[in-house]
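Chain residues, written in single-letter form:
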Amino acid sequence: MAADYVIVGAGSAGCVLAARLSEDPDVKVLLLEAGGPDTVPELQIPAAFPAVFKSSLDWDLLGEQEPGLGNRRLYLPRGRVIGGSGSINAMIYLRGHRADYDEWAEMGCDGWSYDDVLPYFKRAEDNERGADAYHGAGGPLAVADSRSMHPLVDTMLEAAVQAGHELIPDLNVDRPEGVGRFQLTQRDGRRCSTADAYLHPAEERPNLEVQTGVFVQRIAFEGDRAVGVEVVRNGLQETMRAEREVILSAGSYQSPVLLMLSGIGLEEELAPLGIPVRKSLPVGRNMQDHCMAQLNYLTDEPTLFGIFNPENFALLEGGRGPLTSNIPEAGGFLRTRPGLSAPDIEFHFAPSLFFDEGLTAPGEGGYCFGPVVIKPSSRGRVMLRAGLADSKPRVLCNFLTTEEDRQSVVDGMRLAMEIAEQPALKAVEREPFNVPSSDSDDDILEFVRRAGQSVYHPTSTCAMGAVVDPELRVYGTSSLRVVDASVMPTITRGNTHAPTVMIAEKAADLIQSRTPSLAQAEAT
């Protein structure tokens, strides 16, 4: 089997690429996905996303022992389904901060400054508020305000304002700072993944083929040129050829794994596994993720506990009611200390308990919020476990292993504890459910080591400037690109889904040699 472009991974980036590249009727696009179709009802019910954790829709990785979290091993979910992790995420639409992208440009990533990438954010977007200087309308990806609008979220925001934080209407301006409600990738109260937004409207095109249940083992090369991928399909091995390019969009865990299995990586890591080194590059290094620790409180006020009932399912049919909740309906960006050029902490405010990494369903009503370290200086790694293609990778997030990150999370937790003590929340609090013993540094750090988790935003394992060039081509090879969150040289200050969509939109232009000016024209 052959195509012009073979895309590995039908996730948040791969669905965008498949749709954009197949707009040209003269090219054939083949999109390969290890998981199955996105037809499970829970995927479309926003409030049900935790229900798919550790299911067949989840790669369900177990991280390495985390030295900064008391040697705990973290649960690391990834979507194993059409739409990828965008089919199982909390649907939060955040771009980050202007400084994130300007930093990329300063690092040598030409074409990736904030002003360069804003047109691609806008081109992707169909914001129900309409178009303005920061937002687009008429694009594929639905961006909407919450239909749930849970009153307890308003109470948490009121408490944040009482603590001195500004309430802002849009968390996607170029320099967001303050608290407010998230916009979501939803349409009519249902999830709108990039599979919904891009892939499904395009999948009837005769030049686009989507195959599910296909496990890619490694990249096939002729010399330095990538000519296809070796796969297992229905228990049989075969090679699928790419006449123009192989594009890895397998995510920040699996894209580096595929490169390393194909001989692209560091000799010190590949040689012990018997993998000949084709090109020495720091694949899997530089991993960055967001570490989160949540305060949890019990309340007698209505929450999201007990919402899965016939009455609410009837409301969901009309795109209304608590089942449309993405759970963390609001958040904010805060600086924990003077002298920072941009926020170092993000909050998520949820009208539900969320503990044990989301793996234990709440047994009663509560609410939660707490700091996420969004500009970490700690760096982790993705490593091969073995030379077998289906061995799950070893992932070390390396959270909170620098003094700077520990200070951010301690100071951020103090900000959260201050919000929790404001009159608006004290009026609804029944008792603490899971909080630090005191506001001392030691007690806060002990709590974070016990309660800290990934908020599921791995990036930077195939980073621009280290593994790929600013056009996302893998150094030392031809006809091979990586297009997903792994190419970010540094993580963005915010949830990573929207930036991943932007990366794929820009990559489609790079691959087709379209100009940014054309993207700008189409976005306005």
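This is a predicted model, so every value here is computed, not measured.

Rules used in this analysis
Residues numbered from 1 in each chain as written. Predicted model: local features only at pLDDT ≥ 70, side-chain atom pairs only at ≥ 80, totals over all residues. Heavy atoms only, no water. Pairing = 2+ DSSP bridges. Helix = DSSP H or I, 4+ residues; strand = E, 2+ residues; numbered from the N terminus. Axes fitted to C-alpha atoms, helices over the stretch in contact; angles between N-to-C directions. Core = buried A, V, L, I, M, F, W, Y, C linked by side-chain atoms within 4.5 Å. Buried < 20%, exposed > 50% of the residue type's maximum accessible area, 1.4 Å probe, protein only. Contact = heavy atoms within 4.5 Å. Polar contact = N/O pair within 3.5 Å; in protein donor to acceptor, adjacent residues only side chain to side chain. Salt bridge = Lys/Arg side-chain N within 4 Å of Asp/Glu carboxyl O. Parallel < 35°, antiparallel > 145°, perpendicular 65-115°, else oblique. Nonpolar A, V, L, I, M, F, W, Y, C, P; charged D, E, K, R; others polar. Phe/Tyr/Trp six-rings, centres within 6.5 Å; stacked < 30°, edge-to-face > 60°.

**Student:** Mind showing me how you'd approach the sheet that holds strand E17 (residues 295–299) here?
**Tutor:** Two modes of strand pairing occur in sheets, parallel and antiparallel, and in both the strands are linked by backbone hydrogen bonds. Here we have 3 strands laid out as an open sheet, ordered E20-E17-E24, and antiparallel in their pairing. Of all the strands in the sheet, the pair left with one neighbour each is strand E20 (366–369) and strand E24 (429–434). In this sheet, neighbouring strand axes are inclined to one another by 30 degrees on average, regardless of whether the strands run parallel or antiparallel. Note: E17 against E20, 4 bridges, orientation antiparallel. Residue pairing for E20: Tyr297 is matched across the bridge by Tyr367.

**Student:** Just checking my understanding: could you explain the pairing of strand E15 (residues 236–248) for this structure?
**Tutor:** Across a regular strand the side chains alternate sides, sitting on one face of the sheet and then on the other. Bridging between strand E1 (residues 2–8) and E15 involves 6 bridges; their strand directions are parallel. Directly across from Val8, in E15, lies its bridge partner Leu248. Relative to E15, strand E14 (residues 225–233) is paired through 6 bridges, and the arrangement is antiparallel. Counterpart to Gly228 in the pairing with E15 is Arg241. Following E14, the chain reverses through 2 residues before pairing antiparallel with E15; Asn234 in that reversal takes a positive phi of roughly 55 degrees. Taken together, the 3 bridges between E15 and strand E26 (residues 480–482) define a ladder with parallel strand orientation. The residue bridging Ile247 from the neighbouring strand is Arg481, located in E26.

**Student:** When you look at the sheet that holds strand E9 (residues 183–184) in this model, what are you seeing that I'm missing?
**Tutor:** Here 4 strands make up an open sheet; going across it, the order is E5-E9-E7-E6 and the pairing mixed. With one partner strand each, in any of the chains shown, strand E5 (92–93) and strand E6 (125–127) form the two edges of the open sheet.

**Student:** It is not clear to me how the nonpolar core should be interpreted in this structure. Could you clarify?
**Tutor:** In globular proteins that are soluble, nonpolar side chains generally tend to be buried together. Judged by nonpolar contacts, the single largest core of 135 residues is most densely connected at Leu17, Trp112, Leu259, Phe369, Leu472 and Leu480. Looking at this core, the element that brings in the most residues is helix H12 (residues 497–512), giving 9 residues. Leave out the neighbours within four places in its chain, and Leu259 touches Ile219, Leu248, Ile264, Val283, Cys462, Val467, Val474, Leu480 and Val482. Listed in part, the 28 residues of the second largest apolar core include Ala48, Ile307, Leu323 and Tyr456.

**Student:** Mind showing me how you'd approach unusual backbone geometry here?
**Tutor:** Among all residues except glycine, the phi angle is most often negative; among peptide bonds, the trans geometry is most common. For Met149, which is not a glycine, the phi torsion comes out positive at approximately 45 degrees. Tracing the backbone through its elements, the reader meets Met149 in the loop between strand E7 (141–145) and helix H4 (151–162). Exposure remark for Met149: the relative accessible area of 39% places this residue in the partly exposed category.

**Student:** How should the side chain of Asn89 be read in this particular structure?
**Tutor:** The topology assignment puts Asn89 in the loop between strand E4 (72–76) and E5. There is a polar contact of 3.1 Å between the side chain of Asn89 and the backbone nitrogen of Met91. Ignoring anything within four residues of it in the chain, the contact list for Asn89 reads Phe49, Arg191 and His497.

**Student:** So what exactly am I meant to see when it comes to the pattern of salt bridges here?
**Tutor:** Two side chains bearing opposite charge may form a pair once their charged atoms approach each other closely. Within the structure shown, the criterion is met by 40 salt bridges. Arg218 is the salt-bridge partner of Glu230, the closest N and O atoms lying 3.5 Å from each other. Note that Glu230 is positioned in strand E14 and Arg218 in strand E13 (residues 214–222), a separation of 12 residues in sequence. For Glu230, a relative accessible area of 27% translates into the label partly exposed.

**Student:** Would you take a moment to explain the packing of helix H3 (residues 114–124) against H12 for this structure?
**Tutor:** In a pair of packed helices, the angle between the axes and the distance between the axes together describe the arrangement. Where H3 contacts H12, the axes come no closer than 9 Å and their chain directions differ by 105 degrees. Classed by the angle they form, the pair H3 and H12 counts as roughly perpendicular. Only Ala498, Pro499, Val501, Met502, Glu505, Lys506 and Asp509 of H12 make contact with H3, whose side of the interface consists of Val117, Tyr120, Phe121, Arg123 and Ala124. In terms of residue class, the contact of H3 with H12 is made up of 8 nonpolar, no polar and 4 charged.

**Student:** What is the right way to read the packing of aromatic side chains from this model?
**Tutor:** For any pair of aromatic rings, the description consists of the separation of the ring centres together with the inter-plane angle of the planes. Counted according to the given criterion, the structure contains 15 aromatic pairs. Seen in terms of ring centroids, Phe53 and Tyr75 are 5.5 Å apart; in terms of plane orientation they differ by 65 degrees. Their pairing is edge-to-face. Highlighted residues: Phe53 in the loop between strand E2 (29–33) and strand E3 (61–66) and Tyr75 in strand E4, separated in sequence by 22 residues. Note on Phe53: relative accessible area 10%, which makes it buried.

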